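# Commentary on secondary and tertiary structure
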Amino acid sequence: MEHHSNDLPWRAVAQVVHVGLDKRGALDEADFDRQLARYRGRVKMVAISGGSNVTGFINPVGRLAAKAHAAGAHILVDCAQLAPHRRVEMGPLDDPEHLDYIALSAHKMYAPFGTGALIGRRDTFERGEPDYRGGGTIEIVTTDWVEWADPPDRDEAGSPNVVGAVALAAAARALTAIGMDAIAAHEAELTAYALERLGRLPGIRLYGDPDPARAATRLGVIPFNLEGMSHFLVAAILGTEYGIGVRNGCFCAHPYVLYLLDVDPEEAERVRMAMLAGDRRAMPGLVRASFGMYNTVEEVDVLVEALEAIRAGRYHGDYVQDQASGDYTAVGWQPDFSRYFTL
Ligand SMILES: Cc1ncc(COP(=O)(O)O)c(C=O)c1O
């Protein structure tokens, strides 16, 4: 269920064993236990998302941390999707349920793009040499000797994104001031309402956990498809005709989305060959509605009514699909950005 950014970097440096999923796409914890027992003593790191950016499933990271630690491993939790929506507690190192490392992205927390944070145990960062070497990582350098700086400087090579870091801190403070519990409660209300209304829409298929009663246990990320319609087209109509920004496709989690869609290996291979030949038009994918803290119940109504109309063929544009990207655009659609933005 991982975003590529919590999978591909590990593949470059270690043998990666992927843990299985249940039918809805939630973590199969029995398989987690099996894999941990099978590779006991050889697992260096359990890397797992705190909350999925595709289905919104939240993983029981404290419990998994205790199991990882008992097996001699560290745990890293990808909190990119979780941090703007839930309180994240790393806990003290002497608590078996502590998290050794967390990673988060500023742009998911309402701060500008381009920065984020990797927070982890000091003893790890004190050992060894930095992955990236450069200005700011050293205490002193001669032509044949280097004394590395203490953490965190030794792992922050180059001129830092100062404005990004200041903005990330401001965003974290703002989230804290608003209150993570209030944010979570508002999101649960929107998610329950959306699942309830979307679930009654004819011709929609919801992925992940569609039960409104469990809305408070997951994030407000709702993946779906309209039967017989390309995810590319649905997203284009929502954006163009309703001003609703959804994402569509595989959300940087190709293996997970193919699993959710139950794409068989032959079909996956056909798609892969087409993509390599520069044709993404038949790429499998989902449409994803996701909530920020600014969203409202009325906006859920607009989304549901829009999907009802789209499904019934009541949309106005004449949409053409671009072969290379797979994206649809409405013929003649020319937004006048100068109405909204000036320099
Ligand atoms: C769960 C998850 N992990 C990692 C990332 C990657 O973050 P970034 O875009 O900062 O690389 C994202 C989103 O972009 C995400 O949703």
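Computed from a predicted model, the values in this text were never measured in an experiment.

This paragraph deals with the overall build of the protein chain. What the protein chain contains, in helices and strands, is 10 helices and 12 strands. For 343 residues, the compact-globule estimate of 2.2 N^0.38 gives 20 Å, and the C-alpha radius of gyration of the protein chain, at 22 Å, lies within 12% of that figure. C-alpha extents for the protein chain along the principal axes are approximately 70 × 55 × 45 Å. Looking at the protein chain as a whole, 40% of its 343 residues qualify as buried.

Before going further, it helps to examine the nonpolar core. With 47 residues, the main nonpolar core has Val46, Val54, Ile75, Val77 and Tyr256 as its most contacted residues. Broken down by secondary-structure element, the contributors of at least two residues to this core are helix 2 (29–38), strand 1 (45–49), helix 3 (61–70), strand 2 (74–78), strand 3 (101–105), helix 5 (162–178), helix 6 (180–199) and helix 8 (254–260). No other element matches the four residues that helix 3 contributes to this core. Excluding residues that lie within four positions of it along the chain, Ile75 makes contacts with Met45, Val46, Ile48, Val61, Leu64, Ala65, Ala68, His69, His98, Leu99, Asp100 and Tyr101.

Taken domain by domain, the protein chain comprises domain 1 (4–115 + 161–178) and domain 2 (180–339). Averaged C-alpha coordinates put domain 1 and domain 2 at centres separated by 25 Å. Facing 25 residues of domain 1, the contacting portion of domain 2 comprises 30 residues. Both faces considered, domain 1 and domain 2 share a buried interface measuring about 2400 Å² in area, 59% of it formed by carbon and sulfur atoms. Between Asp209 and Arg24 there is a salt bridge, with its nearest N and O atoms 3.4 Å apart. If you look at where domain 1 meets domain 2, you find 17 residue pairs in polar contact (both at pLDDT 80 or more).

The rules behind the values
- The residue count restarts for each chain, going from 1 along the sequence in the order it is written.
- The model is predicted, so local features are restricted to residues of pLDDT at least 70 and side-chain atom pairs to those at 80 or more, both for listing and for counting; the totals for chains, interfaces and linings are taken over all residues.
- To obtain the side-chain values, all non-hydrogen atoms of the structure were included, while hydrogens and water were left out.
- Strands are runs of DSSP state E lasting at least two residues, helices are runs of H or I lasting at least four, and both sets are numbered from the N terminus onward.
- Computation of the radius of gyration draws on C-alpha atoms alone. For the globule rule, the value is 2.2 Å times the number of residues to the power 0.38.
- Summary of the burial criterion: residues with accessible area below 20% of their type's maximum are buried, those above 50% are exposed, and those between are partly exposed, where the area comes from a 1.4 Å probe applied to protein chains only.
- Residues belong to a common nonpolar core when they are buried Ala, Val, Leu, Ile, Met, Phe, Trp, Tyr or Cys residues joined through side-chain atoms within 4.5 Å.
- Here, two residues are considered to be in contact whenever any of their heavy atoms come within 4.5 Å of each other.
- What marks off one domain from the next here is an automatic or database domain assignment.
- Reported buried area values correspond to the accessible surface (1.4 Å probe) lost by two parts on association, with both partners' losses combined.
- Think of a salt bridge as a Lys or Arg side-chain nitrogen and an Asp or Glu carboxyl oxygen that are within 4 Å of each other.
- Residues adjacent in sequence count toward polar contacts only when both atoms are side-chain atoms; beyond that, a polar contact is any pair of N or O atoms within 3.5 Å, and within protein one must be able to donate a hydrogen and the other to accept it.

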